[in-house]
Structure formats: structure tokens, C-alpha cells
Amino acid sequence: MTALAIFGARHRILRAHVTVAGCALALCLVSAAPADGDTSGAKPTVVLVHGAFADGSSWDGVTARLERNGYTVIAPANPLRGLYNDSTYIASVLNGIKGPVVLVGHSYGGAVISSAAAGKPQVKSLVYVSALMPDVGESGMSLAARFPSGLGTATRSVPHRESGRSRTDLYLERDKVHQVFAADLPESEADLLGVTQRPVATTAFSEKAKVAAWKAIPSWSLVSRQDKTINPDQERFQAKRAGAHTVEINSSHVSLIAHPEAVTNLILQAAAGSSSAQPSLATTGSVYDARVEAGIAGASLVVGTGAVLLGRRLRRRLPRRPAVSVHHLTGG
């Protein structure tokens, strides 16, 4: 057999190895495909729900950053008329959104999203930002009794009549806004929050949660270490109970205003559905991860076994010849 024939046979062996590897790579890609078959890669809509005493403008810094990252953002007005009323309204907002949703709540807005997301399969992630995360049967008041904060002495009650019924609204005391609510903002900015604050009905904190969506939906949580409105220990307790992926930052209660970059980064992690430490909740996709690993392991076995066996079979067909130098093959 000539040197050129030997070279051609070896080239066919190499080409066979490449073919086997290519088939194995295809197997890897099939195994790693999302379990639900969704390969569109469409980004979820991010819905931002503000808390008590606030409005949608509190999300301005976060909204701008999310939109720069290509996300569609909705920041609806939370009515602040009571947990049942508010969660029903936010649920109606979700009904009008096509495709997956990342639902984010700040402060009292956390209690609202925990109820609004129940039974909404399009909600893929919940994000709690310095927020309430009540379990079934709990209320903002019952949690505050276990984890006292400065909010109890920073509000004033204003009775009024609504739809023919006597109601009570809560307002932040203007001289307590900077100290209790927004300590890491300039005092002038904290004063402006006090001027533009929206009152919240006492039923927002007294009504007990009937559902807790974080039990079935993966959650992310941001703890504000200097929070005097919600006790940071309460935020930690809630996040641990929910199996949430948790980050802590040095912030007052208004982390979304004072540290929009950190809040945005956490939302982006939830939107991507991956992070350095996945939530421990059983429904966060551990089956999918195991399936991917099994597929890769199986493909590796195909590469190793198939390539070796095919290479041996082809080599056995070649007559043994002395090694041919590159110089000989090139005719140099």
C-alpha cells in the first residue's frame, strides 16, 4: 500500500471520529433542551408592584435598567385598599399579559404578589424586595408582632368613609420618613417621599393571607440590613422559609430607590432562572438539571465508546507499514 493510500485511510478514520462526536453533540443539545419544549427564548415580562405609602415611580431606576436589558416592564398602581382587593386587582393585570412573567413586590407589595400569583402558571419567578412574605393565615400585623420594627411608631391613623363604610388609612409621619423609611436617601428626597405618599388602608396589614404562591413558584429575596420598616430578621426568616435565593445589601427600606442596580441584578437572575445558588424549592427545575446532566453523561459515553470501537475496526483493516515521514508524503 502506498503512503498516499495509508494517509487516506487514516484521514477516513479521523473523519469517522468527527462524525461520531458530531452525533454525540447533537444528543447533548437535545438532552439540554427545556423540558416544556419552549425554545423561543422570549424574555419574560417583568411586573413591578410597589408597597404602602408609595406609587409606581418608586421603581423608576429599576425600570430604566431592565428596559436597557431588553425587558418589557409594567409597574401598575397598587390600590392599597386591602390585601384581598389589591391582590385581585394585580391578578387581573397578570391576566392581560401574554407569555412568562417575573412578578416583583416591594414591602407590602410582597404580600400582594404572594396572593396574586396563585394559580397563574405564567408567573415563573417571584422576587421579594425588602418585602412581606406571609404564609397562609398570617398578616402583616402578625408578622410585625413577632419581628417588631420602627414602623409601629412612625404612622398616624386617619379615619374616613368609603362607599358608605367607616375605614381607616395609615400615613407615615412626615418627620419619621427619613429615619424609618429612607435613611440612605438625601433628607430632601426623603421629605419629598413624605409629601407625595399614598395612604394605605389598615386592612392591607390586618387581612390574613389565604394563599402563599412562594410555596409553588421559585422565589428570590433581597434583605435590607438597615431596614427599620420591616425587621431584617423577618426578611431573613421569610426567605429561608420559602427556600428563596437570597442576597443581603446595606440599605434602608427603600432599596429599590437607593440601590436600583442591586435590585435589578436580582430581578435579572430571577428572569434568567439561574444563579450561583438556586432556590431549594422542589419545583425550581431540579428534574430538568438532572436530565441535562444525564444527557451529557450519555453523550460522553457514546463519544468514548463509539469512537474507540470504530477506530479499532478501521485500523485492523490497514496493513502494518513503517511510519511515513511528513517529508516523504509531501515529496520534499
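Residues numbered from 1 in each chain as written. Predicted model: local features only at pLDDT ≥ 70, side-chain atom pairs only at ≥ 80, totals over all residues. Heavy atoms only, no water.

### Some thoughts on the pairing of strand S8 (residues 219–224)
Residues in a regular strand project their side chains so that they alternate between the two faces of the sheet.
Next, step 1: Counted residue by residue, S8 has six buried out of six residues, so it is predominantly covered.
Next, step 2: Covered by surrounding structure in S8 are Ser 219, Ser 221 and Val 223 together with Trp 220, Leu 222 and Ser 224, the residues of both alternating faces.
Next, step 3: Strand direction decides the pairing type here: strand S4 (residues 123–129) and S8, joined by four bridges, are parallel. The residue bridging Tyr 128 from the neighbouring strand is Ser 221, located in S8.
Next, step 4: Pairing geometry for S8 and strand S9 (residues 245–249), over five bridges, is parallel. Of the residues in S9, the one forming a bridge with Ser 221 is Thr 246.
Next, step 5: In this fold, the crossover linking S8 to S9 by way of helix H9 (residues 232–242) has right-handed handedness. (Buried < 20%, exposed > 50% of the residue type's maximum accessible area, 1.4 Å probe, protein only. Helix = DSSP H or I, 4+ residues; strand = E, 2+ residues; numbered from the N terminus. Pairing = 2+ DSSP bridges. Right-handed = clockwise from strand over helix to strand, strands pointing away.)

### Quick word on the pairing of strand S5 (residues 155–162)
Next, step 1: Pairing of S5 with strand S6 (residues 165–172) involves eight bridges; the strand directions are antiparallel. Note on S6: the bridge partner recorded for Ser 157 is Leu 170.
Next, step 2: Counting the residues that bridge the hairpin from S5 to S6 gives two residues, and of these Ser 163 lies at a positive phi of roughly 55 degrees.

### Quick look at the sheet that holds strand S1 (residues 45–49)
Next, step 1: The strand order across the open sheet built from six strands is S2-S1-S3-S4-S8-S9, with neighbouring strands paired in parallel fashion. Two strands close off the open sheet at either side, each with one partner strand: strand S2 (73–74) and S9.
Next, step 2: Here six bridges tie strand S3 (residues 101–106) to S4, and the two strands are oriented parallel to one another. Opposite Val 101, over in S4, you have Val 123 as the bridge partner.
Next, step 3: The sheet strands contacting helix H11 (residues 260–272) are S1, S3, S4, S8 and S9, and the helix crosses S8 at an angle near 165 degrees. (Contact = heavy atoms within 4.5 Å. Axes fitted to C-alpha atoms, helices over the stretch in contact; angles between N-to-C directions.)

### Some points on the nonpolar core
Next, step 1: Leu 48, Leu 103, Val 104, Tyr 108, Leu 126, Val 127 and Ile 267 are the most contacted members of the largest nonpolar core, which totals 63 residues.
Next, step 2: With residues up to four places along the chain from it excluded, the contact list for Leu 103 reads Val 47, Val 49, Leu 94, Ile 113, Ala 117, Val 123, Ser 125, Leu 126 and Val 127. (Core = buried A, V, L, I, M, F, W, Y, C linked by side-chain atoms within 4.5 Å.)

Shape is all these values report; function is a separate question.
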